[in-house]
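Reading the structure
As a plain string of letters, each chain reads:
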Amino acid sequence: MPYSLKPEEVREKYGPMFSKGLYTIVDEENGLAKIIEVCTARGPMEWDIVNRKRTGGVITDIKLDGHTLIMDAVVGEKELKFGPASAELGGQGLESLKVVGDMVHTKWRGIAGASVGIGACLPQADGVIETIYPDDFKIGGAYRACTEIITPKMIRVIIGVDDTDTPQQGASWVASLKMGMSCPYGRFLEHKIVQLNPKAPNKTTNCCSTAVSFAVKPSELDKLVDYCKEFIRKESYSDDTVMTVFTGLKQSDALVEWSWNAKSVLYTPEEAIKVAEENDVEIIYITGKKGVIGAVAAIGCFDLGVRSAGVPEDFE
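Residues numbered from 1 in each chain as written. Predicted model: local features only at pLDDT ≥ 70, side-chain atom pairs only at ≥ 80, totals over all residues. Heavy atoms only, no water.

Helix H8 (residues 292–300) packs onto helix H7 (residues 269–278) with a crossing angle of 35° between their chain directions and a minimal axis gap of 8 Å. As H7 runs across H8, the sense of the crossing is left-handed. Contact residues: Pro269, Ala272, Ile273, Val275 and Ala276 in H7; Val292, Ile293 and Val296 in H8. Considered class by class, the residues forming the contact of H7 with H8 number eight nonpolar, no polar and no charged. (Axes fitted to C-alpha atoms, helices over the stretch in contact; angles between N-to-C directions. Helix = DSSP H or I, 4+ residues; strand = E, 2+ residues; numbered from the N terminus. Left-handed = near helix turned anticlockwise from the far one by under 90°. Contact = heavy atoms within 4.5 Å. Nonpolar A, V, L, I, M, F, W, Y, C, P; charged D, E, K, R; others polar.)

Throughout the structure, instances matching the rule amount to 14 salt bridges. Linking Lys107 and Glu95 is a salt bridge whose minimum nitrogen-to-oxygen distance equals 3.6 Å. Taken together, the positions of Lys107 in strand S8 (residues 103–111) and Glu95 in strand S7 (residues 92–100) put the pair 12 residues apart, joining distant regions of the chain. With relative accessibility at 25%, the residue Lys107 sits in the partly exposed group. Put simply, Asp226 and Lys229 hold a salt bridge, and the shortest N to O gap is 3.4 Å. Of the two residues, Asp226 and Lys229 both sit in helix H5 (residues 221–235), three residues apart, roughly one turn of that helix. Three or more residues joined by partner-sharing salt bridges are found here, namely Glu37, Asp48 and Arg52. (Salt bridge = Lys/Arg side-chain N within 4 Å of Asp/Glu carboxyl O. Buried < 20%, exposed > 50% of the residue type's maximum accessible area, 1.4 Å probe, protein only.)

On to the packing of aromatic side chains, then. Enumeration over the complete set of coordinates arrives at six aromatic pairs. Ring geometry for Tyr3 versus Tyr133: centroids 5.4 Å apart, planes at 15°, classification stacked. Taken together, the residues Tyr3 in strand S1 (residues 3–5) and Tyr133 in strand S9 (residues 130–133) connect sequence positions 130 residues apart. Cation over ring: Lys289 sits above Tyr285, and NZ or CZ is 5.4 Å from the ring centre. A cation sits over an aromatic face here: Arg307 above Trp260, 5.2 Å from the ring centre. (Phe/Tyr/Trp six-rings, centres within 6.5 Å; stacked < 30°, edge-to-face > 60°. Lys NZ or Arg CZ within 6 Å of the ring centre and 35° of its normal.)

Here is the structure:
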């Protein structure tokens, strides 16, 4: 008969382990998910990257940022190439990811030492609600283990901001970073500085907009947005501050292309408003309207990596 353990019960049974956080973000409309795992050491994480990629399943890509694993996945179930680690098989993998109400169920498999990872490490991480074990569950040695880990369903929210400063004072990227670090709702994920068109006639010295992303429960989305609105209003020195909001894991190709072009094309506010309306970007006018171009472009450039911080000439 399967049984379940809460994180504190797992910790009591197996002792403190290495996984410190496990958070699952889903975009049901696009069938996508992002899993964030925080650990205390890089060794297990580097091994996990290789084996989870080799095993396949629902994971499509994995990146390591410091002591944090960021896994891209699809919603659903896929067969694993699972077994003792070799060139053809992975010793640990994610077989399925399913949304059940306001929860996410992920089904993991691990063999030998990797069974400890999915049976004792991940289940005691912050963010886990409970883990379901089969009645014959064993870890270590040559055992093949399977667990089903349940976490709250979270969504990604990107908040774009532009034009909070004047030639004399303020810096939009500082305001957005402070906002991300202080927000009491959700989990602060990333902060970006987005270089805009340096030839724009009305610009601050470096001509940058900014954005931050959060993982948040759907029930707390409105509270998060309201907090950000008031925070930026208090931090702004400008009469033209605009904030944008995007929810999901995938911006449209049209939005990304427009935002990239904003680094070299002199768009009008009307064009920014139009592309926002067509691509699910909410515009919130904080103190004015001129910051709308940069605030929209910050959403579309958010997932471009280092390219978000440069202009096209930097990458030719």
